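Notes for the structure review
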Amino acid sequence: MVGPPPLQGIKVLEFAGLAPGPFAGLLLSDAGANVLRIDRAIPGRTHTPGVKVNPTEDLLTRRKSSIVVDLKSPRGIALIKDLAKTTDVIIDPFRPGVLERLGLGPDVLTAINPRLIYGRMTGFRRDGKYAAMAGHDINYLAVSGVLSLLGRSGEKPHPPWNILADFAGGGATLFQGILLAMIARQKTQRGQVVEANMVDGASYLTTFPRQTLKTPLGSEPRGENILDGGCPYYDTYETKDGKYMSVGALEPQFYTILVQGLGLGDQGWEKKRYDRTNWPEMRQQFETAFKAKTRSEWERVFDGTDACCAPVLEYAELETVAGREGDQRPPVTLRENPMLAVSQNVTNPSAQGQGNGYSGNGYQGHPLYPGEGGEAALTEWFGLTKGREFDVEEGGLVLKQKSKL
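First things first, this report covers the structure right here in the doc. Within each chain, residue numbers correspond to sequence positions counted from 1 in written order. With pLDDT at 70 or above as the cut-off, local features in this predicted model cover only qualifying residues; side-chain atom pairs require 80 or more to be listed or tallied, and sums for whole chains, interfaces and linings still use all residues. Processing note: side-chain calculations cover all non-hydrogen atoms of the structure and skip hydrogens and water entirely.

**A closer look at the overall build of the chain**
Scanning the chain for helices and strands turns up 15 helices and 11 strands. Dimensions of the chain along its principal axes, counting C-alpha atoms only, are 85 × 50 × 45 Å. For the exposure calls, accessible area comes from a 1.4 Å probe over protein chains only, and a residue counts as buried if that area is under 20% of its type's maximum, exposed if over 50%, partly exposed in between. Counting the 405 residues in the chain, one finds 43% classified as buried. In what follows, a contact means two residues having at least one pair of non-hydrogen atoms within 4.5 Å. In the chain, the share of contacts with a sequence separation of at least 24, taken over all contacts with a separation of at least 6, comes to 65%. For helices the rule is a DSSP run of H or I covering at least 4 residues; for strands it is a run of E covering at least 2, with both sets numbered from the N terminus onward.

**Quick look at helix α1 (residues 20-30)**
For α1, a buried count of 11 out of 11 residues is recorded, marking the element as mostly surrounded by other parts of the structure. Within the sequence span of α1, burial applies to P20, G21, P22, F23, A24, G25, L26, L27, L28, S29 and D30. On its buried face, α1 is in contact with β1 (11-15), β2 (34-40), β4 (89-92), β5 (117-122), α6 (163-188) and α7 (198-205).

**Section: the sheet that holds strand β7 (residues 234-238)**
At least two DSSP bridges between two strands are required for those strands to pair. In spatial order, the strands read β7-β8-β9; together these 3 strands make up an open sheet with antiparallel pairing. If you trace the sheet from one side to the other, it starts and ends with β7 and β9 (309-311), each paired once. Adjacent strand axes in the sheet meet at a mean angle of 25° when their direction is disregarded. Only C-alpha atoms enter the line fits that serve as axes; for helices the fit covers just the stretch in contact. Angles between N-to-C directions range over 0 to 180 degrees. Across the sheet, helix α11 (residues 279-290) lies against β7, β8 (244-248) and β9, angled at about 40° from β7, the strand it touches most.

**Here's the deal with the nonpolar core**
Within this scheme, the nonpolar core is defined by two criteria: the residues are buried Ala, Val, Leu, Ile, Met, Phe, Trp, Tyr or Cys, and they are joined through side-chain atoms within 4.5 Å. Grouped together as the largest cluster of nonpolar side chains are 32 residues, with contacts concentrated most on V12, L28, V89, I91, L174 and I178. Looking at this core, the elements that each hand over two or more residues are α1, β4, β5, α5 (137-144), α6, β6 (193-197) and α7. When residues of this core are assigned to their parent elements, the largest contribution, 6 residues, is made by α6. Excluding residues within four positions of it along the chain, I91 makes contact with V12, L13, E14, F15, G21, A24, G25, L28, G119, L174 and I178. Among the nonpolar cores identified, the runner-up in size contains 27 residues, and I67, L83, W381 and F390 belong to it.

**Some thoughts on the side chain of E299**
Locating E299 in the fold gives a position in helix α12 (residues 295-302). When sequence neighbours within four positions are dropped, the list of residues in contact with E299 reads M245, P311 and R324.

**Considering helix α15 (residues 374-382)**
When we look at burial in α15, the residues that qualify are G374, A377, L378, W381 and F382. The buried residues of α15 all sit within an arc of 105° when viewed along its axis, so they share a single face. Opposite the buried face of α15, by more than 90 degrees, sit the exposed residues A376 and E380. Following α15 by one or two positions, G383 adopts a phi angle in the positive range, close to 70°. The directions considered for the arc are those from the helix axis to the C-beta atoms.

**Here we look at the environment of K11**
Along the chain, K11 falls in strand β1. Residue K11 is classed as buried on the basis of its relative accessible area of 13%. Sequence separation between K11 and L262 is 251 residues; the distance between their C-alpha atoms is 55 Å. Once residues within four sequence positions are removed from consideration, K11 is found in contact with N34, T86, T87, D88, V89, W381 and F382. Within 3.5 Å is the distance limit for a polar contact, defined as a pair of N or O atoms, with the added protein rule that one can donate a hydrogen and the other accept it, and that residues adjacent in sequence qualify only through two side-chain atoms. In this structure the side chain of K11 is engaged in a polar contact, spanning 3.2 Å, whose partner is the backbone oxygen of W381.

**Focus on the sheet that holds β6**
Pairing is parallel in the open sheet, where 6 strands are placed in the order β3-β2-β1-β4-β5-β6. Of all strands in the sheet, those with a lone pairing partner are β3 (65-69) and β6, marking the two edges. The sheet shows a mean angle of 20° between the axes of neighbouring strands, direction not considered. Sheet analysis places β2 next to β3, joined by 5 bridges and oriented parallel. Pairing of R37 across the sheet is with S66, part of β3. Across the sheet, helix α2 (residues 74-84) touches β1, β2 and β3, and the angle it forms with β3 is around 140°. Of the strands in this sheet, β4, β5 and β6 are in contact with α6, which crosses β5 at around 160°.

**Side note on the state of the cysteines**
Where two cysteines share a covalent bond between their sulfur atoms, that bond is called a disulfide. Disulfides are defined as cysteine sulfur pairs within 2.5 Å. Under the criterion given, the structure shown has 0 disulfides. With no disulfide partner, C231 has as its closest neighbouring cysteine sulfur the one in C308, 12 Å distant. When its relative accessible area of 0% is taken as the criterion, C231 is described as buried. For the unlinked cysteine C309, the closest cysteine sulfur is that of C308, found at 8.9 Å. Classification of C309 as buried rests on a relative accessible area of 9%.

**Considerations on the pattern of salt bridges**
Definition used for salt bridges: Asp or Glu carboxyl oxygen within 4 Å of a side-chain nitrogen of Lys or Arg. In total, this model carries 22 salt bridges according to the counting rule given. The partner of E389 in a salt bridge is R388, with the nearest N and O atoms 2.5 Å apart. On the basis of relative accessibility, which here comes to 4%, the residue E389 falls in the buried class. For R388, a relative accessible area of 41% gives the class partly exposed. Through salt bridges with shared partners, one network takes in E100, R120, R126 and E195.

**As for the packing of α5 against α7**
Running from N to C, α5 and α7 cross one another at 60°; their axes reach a closest spacing of 9 Å. Between α5 and α7, the angle is such that the two are oblique. Helix-helix and strand crossings are classified by hand; for α5 and α7 the assignment is right-handed. Here Y140, L141, V143 and S144 of α5 come into contact with α7, specifically with M198, V199, A202 and S203. Orientation is classified from the angle alone, with under 35 degrees giving roughly parallel, over 145 giving roughly antiparallel, 65 to 115 giving roughly perpendicular, and any other angle giving oblique. Should the near helix be turned anticlockwise from the far one by less than a right angle, the crossing is termed left-handed; should it be turned clockwise, right-handed.

Function cannot be read off these values alone, since they describe shape.
Here is the structure:
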């Protein structure tokens, strides 16, 4: 019998942004928090019955609701301050000083609600050389030093989508900081400001690779080390059908199983695999061997073995092929208080997340329309009623002047 998700009842105000801020909000909502996104007002369109508006570009909207507020309106600002009185977490995704200039900075809102956890995210460090500059994932990786590690030998540095800075170093790190502040609040009964930036977050993730630069494991140029593509038994190989297998046979016992499976067990590679001068020939033999069979054929050879050889699966097949580990799940399992399910048709709530899951099964995002579900959320989560405590003005919600609150 599983209990409620761990953050059930936690109220979060997420100022609309892209990538890292919404990802932190997604992690909170998947853990059961009530997340209310604050979008920009479009006069005559948002919060206007019968008028359709375009969705935002944000796809990280699972279980969130939206309200639209004109942050240039004094009564719009007043509504945010009123909500802050009983909010647990604020997510600020803007460049330094944006919310402060609007009168919604941490000094103001934590004075209104001492228990408030004010989580704010920047790309560059707030106290660094690039603080006032615009940037994206690739730029944060660049100045953190992380990008210099990524790429093949002799080629330019290559970014891995926007995974490392935006999501791992940014949103997930902010989420971690918010959870730490919640733990601290249990002891002090006070919230605090949580500072996260993608430069420090991404750099922290590379603690081990950075430290190995001063050891034999990582002292060679980019792409020429054991774990960055330089080593033939830690790499990917194309198969006969144009797909790929991954190889990570670092330990001697695993390497022996690998070369035997490849039909190269009589070449004596086990005794000379540490000699880098042999790596080009070894790689050539591995390439030839892998291209002799399809990926499915190699799976039949290596499945169930300790060769550390596994197929490079693509999301299109993970989504559609039964028997693959493609059902999307929460990032961590809490046996007694699981997070909410991502995929539909959950059969094991403790392992897969609880509830009915979400349409799209984690493979399809669903844009949240500005204002969608927001008025109902204000009533359900904050006890506010339209026409009594709040109303619509120029397409945005505002605090009523004669509000009892």
